[in-house]
Amino acid sequence: MPILERGLKERSTEVKKKSSQIVGNMASLTDVKDLVPYLPRLLPSLKEVLVDPVPEARATAAKSLGTMVEKLGEDKFPSLVNELVHTLKSDTSGVDHQGAAQGLSEVLAGLGLSRLEGLLSEIVINATSPKSYVREGFISLLIYLPATFGQRFQPYLGRIITPILSGLADESEYVRDASLRAGQMIIVNYATKAVDLLLPELERGLFDDNWRIRQSSVQLMGDLLYRITGISGKTTTEGEEEEETGGTEVGRKALLQVLGKERRDRVLAALYIVRQDVSGIVRQSSMHVWKSIVSNTPRVVKEILPIMMGLIIRNLASPSFDKRQVAARTLGELVRKLGE
């Protein structure tokens, strides 16, 4: 035990990681009665590694904490959950928030769904707190919960979508970044479910008055479409020639199969229109996504033209000058490329 205690306090990241792993493994390999007497000595050091500047060290400490709580029971760690929640509510560093969020997600995964259900309402409420540092802390938690719980978390996705999407336009850059990562984590872990939950919100987000929401919606929609089509999304957006696209026929069929024709046409039409957005950042992002997933722009534009014209007319009638401008630009682009 003295060796482990020293290892947890070493400056070397590798030593701290290995020491944390051993502590977690001991919870699985030893009798509870043999390890419990040493918890008061090991736990403080393990908590220090949980807020280490190196992400790998934090992740290892978080997994060890989760394993220990799962094997030994929450009664051996009576204040741990409350301490981690308190850290997420505190005006502290981003590293502390990330460590507490990752640690709490692993601990809750070890305790099971009933403990998560008892805490989820508080998590959602705090994710929309008036205090930006509280929002950052709890939205950071939403990054890790889907990954630690896996498919068990799927029934709860609907409850966390709203605060994540609201955070995309937050005044705090840290909250916006955390919200974007949380949305990406949902897409990575629940691609099929994300289509039903996220896609309708992202479609609305493409035409939101806030450019940050439009930008984040384009990025998340791109991640989701890349996941569906199985492409990397790495392509160039330089040049105007549509032949430079990176989409494939396999990707086109995948979109049709997963989304269905009507929804696919609606998504692509919205994405095409946003290529004329008043924000240069949004235009560049949407152009990148379009060129990554569409293999033949003239053919696709003709296929989605009826739905696109409906969206254009709706935006031309909008009270928002920006939306009318975007719609007019798109209409001009269509006439130029397809002819009258």
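Predicted model only: the values in this text are computed from it and were never measured. (Residues numbered from 1 in each chain as written. Predicted model: local features only at pLDDT ≥ 70, side-chain atom pairs only at ≥ 80, totals over all residues. Heavy atoms only, no water.)

Peer 1: How should I be thinking about the overall build of the chain in this particular structure?
Peer 2: Per the secondary structure count, the chain includes 18 helices and 0 strands. By principal-axis analysis of the C-alpha atoms, the chain measures approximately 80 × 40 × 35 Å. By residue count, 50% of the 340 residues in the chain fall in the buried class. Pairs at least 24 residues apart make up 70% of the contacts formed inside the chain by residues separated by at least 6 positions. Of the roughly 15800 Å² that the chain leaves accessible, carbon and sulfur atoms contribute 52%. For the chain, the distance from the average position of its 44 positive side-chain charges to the average position of its 42 negative side-chain charges is 2 Å. (Helix = DSSP H or I, 4+ residues; strand = E, 2+ residues; numbered from the N terminus. Buried < 20%, exposed > 50% of the residue type's maximum accessible area, 1.4 Å probe, protein only. Contact = heavy atoms within 4.5 Å. Areas by Shrake-Rupley, 256 points an atom, 1.4 Å probe, with all protein chains shown as cover. Lys, Arg positive; Asp, Glu negative; His and termini not counted. Charge placed at Lys NZ, Arg CZ, Asp CG, Glu CD.)

Peer 1: Which parts of the structure should I look at to understand the side chain of T330?
Peer 2: Mapping T330 onto the fold places it in helix α18 (residues 321-338). Residue classification places T330 among the buried residues on the basis of a relative accessible area of 0%. Excluding residues within four positions of it along the chain, T330 makes contact with Y272, I273, Q276, M308 and I312.

Peer 1: How do you make sense of helix α13 (residues 211-229) when you look at a structure like this?
Peer 2: Side chains of residues three or four places apart in an α-helix project in the same direction, reflecting 3.6 residues per turn. With 19 residues, α13 extends 27 Å from end C-alpha to end C-alpha; this agrees with the ideal 27 Å at 1.5 Å per step. Where burial is concerned, most of α13 is hidden: 14 out of the 19 residues are buried. Structurally, the start of α13 carries an N-cap: the backbone nitrogen of R212 is 2.7 Å from a side-chain oxygen of N210. One or two residues past the end of α13 sits G230, with phi positive at roughly 75°. (Expected span 1.5 Å × (residues − 1). Polar contact = N/O pair within 3.5 Å; in protein donor to acceptor, adjacent residues only side chain to side chain.)

Peer 1: It is not clear to me how the nonpolar core should be interpreted in this structure. Could you clarify?
Peer 2: The nonpolar side chains of soluble globular proteins are, as a tendency, buried together. Judged by nonpolar contacts, the single largest core of 99 residues is most densely connected at L104, L145, F153, I186, L225, W290 and M308. If one sorts the elements of this core by residue count, helix α9 (residues 132-149) sits on top with 9 residues. (Core = buried A, V, L, I, M, F, W, Y, C linked by side-chain atoms within 4.5 Å.)

Peer 1: So what exactly am I meant to see when it comes to the packing of helix α7 (residues 94-111) against α9 here?
Peer 2: Two packed helices can be described by the angle between their axes and the distance between those axes. Contact pair α7 / α9: the axes reach a minimum separation of 8 Å and the direction vectors enclose 40°. When the interaxial angle is binned, α7 and α9 end up oblique. Crossing of α7 against α9: the hand is right-handed. Contacts from G94, H97, Q98, A101, Q102, L104, S105, E106, L108 and A109 of α7 reach α9 at Y133, E136, G137, S140, L141, Y144, L145, T148 and F149. Residue classes in the contact of α7 with α9 are distributed as 9 nonpolar, 8 polar and 2 charged. (Axes fitted to C-alpha atoms, helices over the stretch in contact; angles between N-to-C directions. Parallel < 35°, antiparallel > 145°, perpendicular 65-115°, else oblique. Left-handed = near helix turned anticlockwise from the far one by under 90°. Nonpolar A, V, L, I, M, F, W, Y, C, P; charged D, E, K, R; others polar.)

Peer 1: Help me understand helix α16 (residues 280-293), please; the structure alone is not making it clear to me.
Peer 2: The terminal C-alpha atoms of α16, which comprises 14 residues, lie 20 Å apart, in line with the 20 Å expected from a rise of 1.5 Å per residue. When α16 is considered as a whole, its buried residues turn out to be V282, S285, S286, M287, V289, W290, K291, S292 and I293. In the core, the buried residues of α16 are packed alongside α13, α15 (261-274) and α17 (297-316).

Peer 1: Mind showing me how you'd approach the side chain of N126 here?
Peer 2: You can see N126 is positioned in helix α8 (residues 113-126). By relative accessible area, N126 is classed as buried at 13%.

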